Structure formats: C-alpha cells, structure tokens
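These are the residues of each chain, in order.
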Amino acid sequence: MAGYVLMTDSCCDLPASLAEELGLEVVPLRVELDGAVFRNFLDGREIGFQAFYEQVRMGKMPVTSAVNVGEFEERMRPLLEAGQDILCLCFSSALSTTYQSACIAAKELGEEFPERRILVADSLCASMGQGLLIWLCAQEKQRGATMDELYAYAMNTRQSICHWFTVDDLNHLKRGGRVSNAAAFFGTMLSIKPVLHVDGEGRLIPMDKTRGRRASLLALVDHMEKTAVNPASQPVFLSHGDCLEDAEFVADEIRRRFGAQDIRLSYTGPVIGSHTGAGIVALFFIGNQR
C-alpha cells in the first residue's frame, strides 16, 4: 500500500517546529506589503512576525494572495513522483480560493499520475483552527489511519473546531473596508471591542461587542465555557497578533476555569493578520458545536 503525505497551507498558523514534527507539507500563501511580496512560511523566513505587525501598526495595509494552481502542482508533483499519495487540507473556501486551486491541481495531476491519489478537503477553518484540525488529523495518521479514513475523520471533525477571536484596532478594520468610518470612530471612542467567530460554513461572523480589552478577552473564554467538550483534557490553541501578554492572560483564565494543561500559543500569521491588524487574540478548541 502506498504511503501518503498530509499537506496544508500556511494559514494553519502552526509553529514551524510543530509542522515539521508532524511531517506536514505546508504550501505558503503570499502577502504584499509596501511594494514587496513575501511568502508566508511558518518560520517567518521571508517576513518575521514582529516585523510584519510593526509595519501594520505604522498604518501599512497588506494585500494577500491565495496559493495558485501552479504552486500546488509544484509541491505535489515531487511527492507523487516519489510514490506518495496526498491528502490536502485547505484554508476555508469561504475566505480564500486556495481550496479551489488545490482541487484544480489535484484534477490535473490525477491525469498525469493515474496510479496515485490526491484527496482535497475544505477545512472550513482558519488560522490555528485549521492548525488544530490538522494536528488532530496528524494524530490519527500516526495511529495508522488510512488516507480515506483520515479524509472522513477531517470531514466529520471540522464542524467541532470552534474559533473565537477579538481584535484591538477598529481603525485597521476600517482601512480594510470591514467597518464603517462612523463605527470605527465611535467604537474607538467608547472602547468597543468586537468578538467574532468562524461559522459552520467557514465564514467570518461578528458575534458580540464588549467594552474594553479585558472584557473582550474574557468573552472568548466565556464562549469556550458554553460549548467546549472536556475542556480540561483537550488541546487548546491560541494565536495572537504580536500581543503575547494578552494571549497569556486568556491562557491563564482557561487554566483557572477548566484546569486545561495542553495550551499552545503561536503567532497569528501575516495572511490572517493582514485582515485583522495587530492585537488579535484568537482561541480555538473542540466543541459540541461551532
């Protein structure tokens, strides 16, 4: 039986060391910033995370681009030539065309390598929510799951991956056209902090408005309390936009309330950060519903 490789894209926002440990093949999206284009590698080799957020805080507005068909083919072909099959788990199709590109690449390469198999799954997830789903899939793979079994597992599990996050800078959302000038002005004056999540269709949905940063951070944990399955014993992923102390505040609150021990912190990468600005704190966990 042929072996298979678990592939994803850089919007998973996993630490590079963890992706390497899991044996993942990670294809980078791109960020254009101040006239230069950078590939979003998980190790930040082309643009560092702190350097990126420093530019965003200065008012720079990055532009992102999905993985295109040719880039997927370039990464998939050597694996197929080496006799490997591929299960590719992609960034939510509601937020990017990356999934569609992977599907086209899989179809074209399927004709070139009829003896090999490529399965492409839409994670309906983003950032470390996507990373959490991939981490769970990697554990199943290590336990001996076949590629078909793992594809079915990913499809069944993706709706259980909860995404809750808050942003600190309404003016960044205003510059990106995601809130009106008036909403940004009055929200900033009143210290309004939105709480958002990714819904069951993989879309970004505003859910709550809180007064003040601390309240918005606690709201993330409140949502976890409502839906988390066995919060003390599950892995919890947290990402942040260059605001480690705020992420650690959320982690400490999760430990205090639930006794959780396996909490993993990482940067929100430049692709997601391009749309949220600096100061995002995002919480990902397994729940009984999104």
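Rules of the game
Residues numbered from 1 in each chain as written. Predicted model: local features only at pLDDT ≥ 70, side-chain atom pairs only at ≥ 80, totals over all residues. Heavy atoms only, no water. Helix = DSSP H or I, 4+ residues; strand = E, 2+ residues; numbered from the N terminus. Expected span 1.5 Å × (residues − 1). Buried < 20%, exposed > 50% of the residue type's maximum accessible area, 1.4 Å probe, protein only. Arc of directions from axis to C-beta. Contact = heavy atoms within 4.5 Å. 1 Å grid on protein atoms, 1.4 Å probe; cavity = no way out; pocket = protein on both sides within 12 Å on 5 of 7 lines; lining within 4 Å. Points joined across faces, edges and corners; volume = space filled by probe spheres on them. Nonpolar A, V, L, I, M, F, W, Y, C, P; charged D, E, K, R; others polar. Pairing = 2+ DSSP bridges.

Draft legend 1. Up close: helix H10 (residues 244-258). The end-to-end C-alpha distance of H10 is 21 Å, a good match for the 21 Å that 15 residues give at a rise of 1.5 Å each. Inspection of H10 places Ala 247, Val 250, Ala 251, Glu 253, Ile 254 and Phe 258 among the buried residues, and these make up the whole buried set. For H10, the arc enclosing every buried residue in end-on projection is 160°, short of the 170-degree limit, so these residues lie on one face. Across from the buried face of H10, at angles greater than 90 degrees, the exposed residues are Glu 245 and Arg 256. Where the residues of H10 are buried, they touch helix H9 (213-227), strand S11 (236-240), strand S12 (263-267) and strand S13 (281-286). After H10 finishes, the residue Gly 259 shows a positive phi value of roughly 75°.

Draft legend 2. Quick look at the layout of surface pockets. For the second largest pocket, the calculated volume is near 200 Å³. What lines the second largest pocket is Ala 16, Ala 19, Glu 20, Leu 24, Val 26, Phe 41, Leu 42, Asp 43, Arg 45 and Arg 75. Residue contributions to the lining of the second largest pocket peak at three residues, all from helix H1 (residues 16-21). Residues of the lining of the second largest pocket, tallied by class, amount to six nonpolar, no polar and four charged.

Draft legend 3. Fine view of the pairing of strand S9 (residues 192-198). Counting buried positions along S9 yields seven of seven residues, so the element is predominantly enclosed. Where burial is concerned, the two faces of S9 agree: the one with Ile 192, Pro 194, Leu 196 and Val 198 and the one with Lys 193, Val 195 and His 197 are both buried. The sheet contact formed by strand S8 (residues 161-166) and S9 spans three bridges and is antiparallel. When the bridges of S9 are listed, Trp 164 appears paired with His 197. Both S9 and strand S10 (residues 204-211) contribute to a ladder of seven bridges, which runs antiparallel. Residue Val 195 lies in a different strand from S10, and its bridge partner there is Asp 208. Count of turn residues in the S9/S10 antiparallel hairpin: five residues, of which Gly 202 carries a positive phi of about 80°.

Limitation: the analysis is restricted to geometry and does not speak to function.
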